[in-house]
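The primary structure of each chain is shown beneath.
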Amino acid sequence: RPGAVATSIGFTDEYAAPEVLADLRTSAASDMYSFGCIVDDVVQQTVDDGGAAVSELKALAQALKAASCGDRPTAAAAASTPCIRNAAVHAVQAAETKAYKAYARWSWQRDDGTFEEYDGAVNAMIEKAYVQFRESGFYKSTPAGAGAGAGAGAGAG
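The model shown is predicted, which means the values in this text are computed figures rather than measured ones.

Draft legend 1. Representation of the overall build of the protein within the structure. Per the secondary structure count, the protein includes 8 helices and 2 strands. Listed N to C, the secondary structure of the protein is α-α-α-α-α-α-β-β-α-α in terms of helices and strands. For the protein, buried positions account for 22% of its 157 residues. Within the protein, counting contacts between residues at least 6 apart in sequence, those at least 24 apart form 42% of the total. Carbon and sulfur atoms make up 58% of the accessible area of the protein, which amounts to about 10,400 Å² in all.

Draft legend 2. Structural context of the packing of helix 2 (residues 28-44) against helix 3 (residues 51-64). Interaxial distance between helix 2 and helix 3 falls to 8 Å at its minimum, and their mutual angle equals 150°. As for the relative orientation of helix 2 and helix 3, their crossing is left-handed in sense. On helix 3, the residues that touch Met-32, Tyr-33, Phe-35, Gly-36, Val-39, Asp-40 and Val-43 of helix 2 are Val-54, Leu-57, Lys-58, Ala-61 and Leu-64. For the contact of helix 2 with helix 3, the residue count by class is 9 nonpolar, 1 polar and 2 charged.

Draft legend 3. Quick look at helix 3. For helix 3, spanning 14 residues, the distance from its first C-alpha to its last is 20 Å, which sits close to the expected 20 Å at 1.5 Å a residue. Those residues of helix 3 not exposed but buried are Val-54, Leu-57, Leu-60, Ala-61 and Leu-64. For helix 3, the arc enclosing every buried residue in end-on projection is 120°, short of the 170-degree limit, so these residues lie on one face. Away from the buried face of helix 3 by more than 90 degrees, exposed residues Ala-52 and Gln-62 are located.

Draft legend 4. Molecular detail of helix 2. With 17 residues, helix 2 extends 24 Å between its outermost C-alpha atoms, agreeing within 8% with the 24 Å of an ideal straight helix rising 1.5 Å per residue. Those residues of helix 2 that sit buried are Ala-29, Ser-30, Met-32, Tyr-33, Gly-36, Cys-37, Val-39 and Val-43.

Draft legend 5. Seen up close, the side chain of Arg-72. Examined against the element boundaries, Arg-72 turns out to sit in the loop between helix 3 and helix 4 (75-79). Overall, the relative accessible area of 6% leaves Arg-72 in the buried class. In this structure the side chain of Arg-72 is engaged in a polar contact, spanning 3.0 Å, whose partner is the backbone oxygen of Ala-29. Here the side chain of Arg-72 touches Ala-66 through a polar contact of 2.8 Å, landing on its backbone oxygen.

Draft legend 6. Structural context of the pattern of salt bridges. For the structure on display, the rule yields 3 salt bridges. Ionic pairing is found between Glu-19 and Arg-72, a salt bridge with its closest N-O pair at 2.7 Å. With Glu-19 in helix 1 (residues 18-21) and Arg-72 in the loop between helix 3 and helix 4, this residue pair connects regions lying 53 residues apart in the sequence. When sorted by exposure, Glu-19 lands in the same class as Arg-72, which is buried. Between Glu-116 and Arg-110 there is a salt bridge; the shortest N-O distance is 3.3 Å. For Glu-116, a relative accessible area of 31% corresponds to the partly exposed category. Taking the relative accessible area as the measure of exposure, Arg-110 reaches 35% and is therefore partly exposed.

What counts, and where the lines are drawn
The residue count restarts for each chain, going from 1 along the sequence in the order it is written. Thresholds applied to this predicted model are a pLDDT of at least 70 for local features of residues and 80 or more for the giving and counting of side-chain atom pairs; totals over whole chains, interfaces and linings are not thresholded and use all residues. Side-chain measures here rest on the full set of heavy atoms in the structure, leaving out hydrogens and waters. Labels follow the DSSP assignment, with helices taken as runs of H or I lasting at least four residues and strands as runs of E lasting at least two, numbered in each case from the N terminus. To sort residues, take the accessible area from a 1.4 Å probe on protein chains only and compare it with the maximum for the residue type: under 20% means buried, over 50% means exposed, and anything in between is partly exposed. Whether two residues touch is decided by their heavy atoms; if any such pair falls within 4.5 Å, the residues are in contact. Every accessible area reported is derived by Shrake-Rupley at a probe size of 1.4 Å, with residue values counting cover from the shown protein chains alone. Inter-axis angles, ranging from 0 to 180 degrees, are taken between N-to-C directions of lines fitted to C-alpha atoms, where helices are fitted over the stretch in contact. Throughout, a crossing is termed right-handed when the near helix is turned clockwise from the far one, and left-handed when it is turned anticlockwise from it by less than a right angle. Here the nonpolar group is Ala, Val, Leu, Ile, Met, Phe, Trp, Tyr, Cys and Pro; Asp, Glu, Lys and Arg are the charged ones; every other residue, Gly included, is treated as polar. One less than the number of residues in a helix, times 1.5 Å, gives the span that helix is expected to have. When we speak of the arc, we mean the arc of directions from the helix axis to the C-beta atoms. Counted as a polar contact is a pair of N or O atoms within 3.5 Å, where, for protein atoms, one must be capable of donating a hydrogen and the other of accepting one, and residues adjacent in sequence contribute only when both atoms are in side chains. Salt bridge, as used here, is a side-chain nitrogen of Lys or Arg placed within 4 Å of a carboxyl oxygen of Asp or Glu.

Quick look at the structure:
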C-alpha cells in the first residue's frame, strides 16, 4: 500500500489517520494509526484500572495515534511492547483455562457417599495439575497401584 491515495470507500473516519483524511500519501504508519484507535477502544472498555497492562496499552495507543507518521511506532516496535508480546500468552492461558473448565468435572465424595462437584475455577486448577502430572516423567514411572484414586477414576467424570 505504500503511496496509495486514500479513497472515500477505503477507510472508517473514526479510525483513519490524519494523512488519510487529508487525501495525502499513506503508508504502513497510517495502518498503525488505525491500530492505535482499536487499542484505544479496547482500553476504553476496561472496567477497572487493569494495572500495568492497561497503562502500557494506553501509552501504546497514544504513541500509535501520533499526528506525524514519523512519530508512530512501526509494527515490529509495537509488537515488541510487553503488553502486545504477552497478549498471545494470556490468550492461550485463557483458552486453556476455558477448556479445562469445559471438560473437567472433578468431584469429591462426602462421608454419606454422595458426590459434590467443585466449581469451575477449582475444576480448572485440578485438571491443569492432573494434565501436567500425566505429561511429566513421574507419571510414567509411578508403580501400578501407587496413586490409586487419582484421575478420571476418582470421581471425575
